[in-house]
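A structural walkthrough
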Amino acid sequence: MKKVIISVLGHDRPGILAATTQVLFEQECNLENVSQTILQSEFAGVFIASMPESLTVEELNNQLEKVLGSLNLYVFVKPIRVDVPTYDAPGSEPFVITTKGPDRKGLVAGVSSVIARYGANVTNLSAVFKGGDDPNQNIMIYEVDIPWRIDQNSFQKDLREKAAELGLNISIQHRKIFETINRI
Amino acid sequence: MLTEREIISTLEMLENEHLDVRTVTLGISLIDCASHNPETLKNNIYRRITQTAKKLVQTCDEIGEKFGIPVVNKRIAISPVAIIAAAFSPSELVRIAHTMNRAAADVGVDFIGGFTALVEKGIARGDRSLIESIPHALAETDRVCASVNVASTRAGINMDAVYLMGKMIKEAASLSADRDGIACAKLCVFANIPQDVPFMAGAYLGIGEPDAVINVGVSGPGVVKKAIDRALEADSGLDLGQISEIIKTTAYKVTKVGELIGREVAESLNIQFGVVDLSLAPTPNVGDSVGEIFQSLGLKSIGVPGTTAALALINDAVKKGGAFASSKVGGLSGAFIPVSEDLNISESAAAGYLSLEKLEAITSVCSVGLDMVAIPGDTSAETIAAIIADEMAIGVINRKTTATRLIPVPGKKAGDSAYFGGLLGQSVILPVNNGLGDNRFIRMGGLIPAPIHSLNN
């Protein structure tokens, strides 16, 4: 079974999903995962599909480009290699790291570099920077799996130091507290 | 995946509304520490407490850090000392209080409860020794809390015990006269005392409880006040039914947090988890007051007409939200109105909006009772006992817990100020009706019989 990952980018408008999935349907591809989001005015969609052996990645790419290109959308198709081992997450606990603080360049790079250095895996990030100095207008929310084996204290200490250096308020909390408070 | 709204609203509760866990209280059974030898008993008590609670403070701090929810107080509640030390004299019981105090200090907890006697139907020898030792025990220690249950709905009111407590409160006050009678701030007189209260000064471990148990007191009133304020800011036309809904939702969240932290601490210490106590417990800090909630609800101050109805609304909504959130609700689970410990209530008393009589009235719809009420130092033991009797009657007839924590402040009169410091706060001294007068009713003693359980009016 061949699998591909397809990303579609472009200015948001009605009909992008319909056009993309219609091509996949016509090419006898089977959708396995879809995630889409809209950042400001821009659409971004990621699709994983299995495809028939007779269809080549190039052919699928051409078909998608023909339809989506006419909507001024950018499309990229990449085969998924099944022989490469997937990232094997070590035993970990899910935390949520939230930062607030005045906007400046390098905030995500700074915070995520510390997270990466400790081998913690970011499973979701949403960040809004509306600019300016109002901390509440500039928020990053990282959902992170923190491995058990690392030194939790020095990880937290390094993160807090980095946040202070970047002028950010940071909170690091186990994910369970958010689920507990908000969900029945 | 969590939503942004879920995360940001949770952070706001933490940052701006004092969302915390007010207390994690470790209950420790000392029943099997009993001995006929006072030295053996004290050694057993010290060893059991320090071994069981060795990691309590550290564990609470670590788990608080992990979830970003501070555990403000860590406390210990033990089996009723009147039972485990029934064989001893009052002076030996004072020495046991010192042992408790030392054990609490050595494991880093600020209060230890359980210097307790249960005498609602009669006073056994050990109970009398304990009660008679209370003034010295509390005046000579700073962490020990005492409680005496003098009444219950099933037994009635033991008026001999009530009168005895009136005398003990006077004596405890005079022994700590240099500190405005602070010994009395660590003494609760109860009707229908629950076995699993995590809050001081009434915490003790009931005899129906396991060897060790973790009970939790949820976050303070600040979260509820902020939730009401925020809702009214968004829509000033809310009615009281909608306000009740908001309090319920908030109580739900607060209870879930309390239970999560309690269970994590219990699991980490390998100790059974007991209950979440839903009580809104204020501190003498702005933004952490039960009194302020009344103002958010549109009353000029706690104590003015409308107070009882408002408190009934708040208390009931907290219970409904909490009961939905957890199947392990216990303790007192109602709003506290400790006068000196709540800045706003204390100010209302000073401004003349709140009298002893109104306080008594509102205790019929909340827990716990006449709590941290400073009264003139020359109030007679009989009058103190009479105030206790009135409060007990409210609890006994209404099948609920009530209590008194009265402080007759030595050398001070109505209108003066009493200072207890720290969490115990400060308060104006409230006038007492017939404070010095004769009270033959109290001297008659005996048992006020248990109430009838039908004809409920």
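Residues numbered from 1 in each chain as written. Chains lettered and ligands numbered in written order. Predicted model: local features only at pLDDT ≥ 70, side-chain atom pairs only at ≥ 80, totals over all residues. Heavy atoms only, no water.

**Details of the overall build of chain A**
Convention followed: We count a stretch as a helix when DSSP gives it H or I for four or more residues in a row; a strand needs E for two or more, and each element gets its number in order from the N terminus. In this description the radius of gyration comes from C-alpha coordinates, and the expected globular size is given by 2.2 Å times residues to the power 0.38. Burial classification: accessible surface area is computed with a 1.4 Å probe over protein chains only, and a residue below 20% of its type maximum counts as buried, one above 50% as exposed, and the rest as partly exposed. Should any heavy atoms of two residues lie within 4.5 Å, those residues are considered in contact. What sets the accessible areas is the Shrake-Rupley method with a 1.4 Å probe; for residues, cover comes only from the shown protein chains. In this tally, Asp and Glu contribute negative charge and Lys and Arg positive charge; neither His nor the terminal groups of the chain are included. We put the charge of a Lys on NZ, of an Arg on CZ, of an Asp on CG and of a Glu on CD.
The helix and strand tally for chain A stands at 5 helices and 8 strands. Over its C-alpha atoms chain A spans a radius of gyration of 20 Å, topping by over 25% the 16 Å that the globule rule assigns to 184 residues. Expressed as lengths along the three principal axes of its C-alpha atoms, the size of chain A is roughly 55 × 40 × 35 Å. In chain A, which comprises 184 residues, the proportion classed as buried is 38%. Summarising the internal contacts of chain A: among those between residues at least 6 apart in sequence, 71% fall at separations of at least 24. Split by element, the accessible area of chain A, about 10300 Å² in all, is 53% carbon and sulfur. Computed over 18 positive and 22 negative side-chain charges, the separation of the two mean positions in chain A equals 5 Å.

**Quick notes on unusual backbone geometry**
Here the residue pair Met200(B) and Ala201(B) is connected by a cis peptide bond, since its omega of 15° sits within 30 degrees of zero. Although it is not a glycine, Asn72(A) adopts a positive phi angle of roughly 60°. With respect to the secondary-structure elements, Asn72(A) resides in the loop between α2 (57-69) and β4 (74-80). Judged by its relative accessible area of 68%, Asn72(A) is exposed.

**Here we look at the domain arrangement of chain A**
Using the following cut-off: Note: domain ranges come from an automatic or database domain assignment.
When the domains of chain A are assigned, the result is domain 1 (2-79) and domain 2 (92-183). Taking the mean C-alpha position of each, domain 1 of chain A and domain 2 of chain A sit 32 Å from one another.

**A short note on the sheet that holds strand β8 (residues 169-174) of chain A**
All names here are of chain A. Our working definition: One requirement defines pairing of two strands: DSSP has to find at least two bridges between them. Where helices are involved, their axes are fitted lines through C-alpha atoms of the stretch in contact, as for all axes, and angles between N-to-C directions lie from 0 to 180°.
Pairing is antiparallel in the open sheet, where 4 strands are placed in the order β6-β7-β5-β8. Each end of this open sheet is capped by a strand with a single partner; those strands are β6 (121-129) and β8. Across the sheet, the mean angle from the axis of one strand to that of its neighbour is 15°, orientation sign disregarded. Here strand β5 (residues 92-100) pairs with β8 via 6 bridges, running antiparallel. Considered in β8, the bridge of Phe-95 is made with His-174.

**Observations regarding the nonpolar core**
All names here are of chain B. Cut-off, in case you're wondering: Residues belong to a common nonpolar core when they are buried Ala, Val, Leu, Ile, Met, Phe, Trp, Tyr or Cys residues joined through side-chain atoms within 4.5 Å.
Ranked by internal contacts, the top residues of the largest apolar core, which has 150 residues, are Leu-56, Ile-76, Val-81, Phe-115, Val-150 and Ile-214. With 11 residues, helix α9 (residues 240-269) is the single largest residue contributor to this core. Ignoring any residue separated from it by four or fewer positions in sequence, one finds Val-81 in contact with Ala-86, Leu-93, Ile-96, Met-100, Gly-114, Phe-115, Thr-116 and Leu-130.

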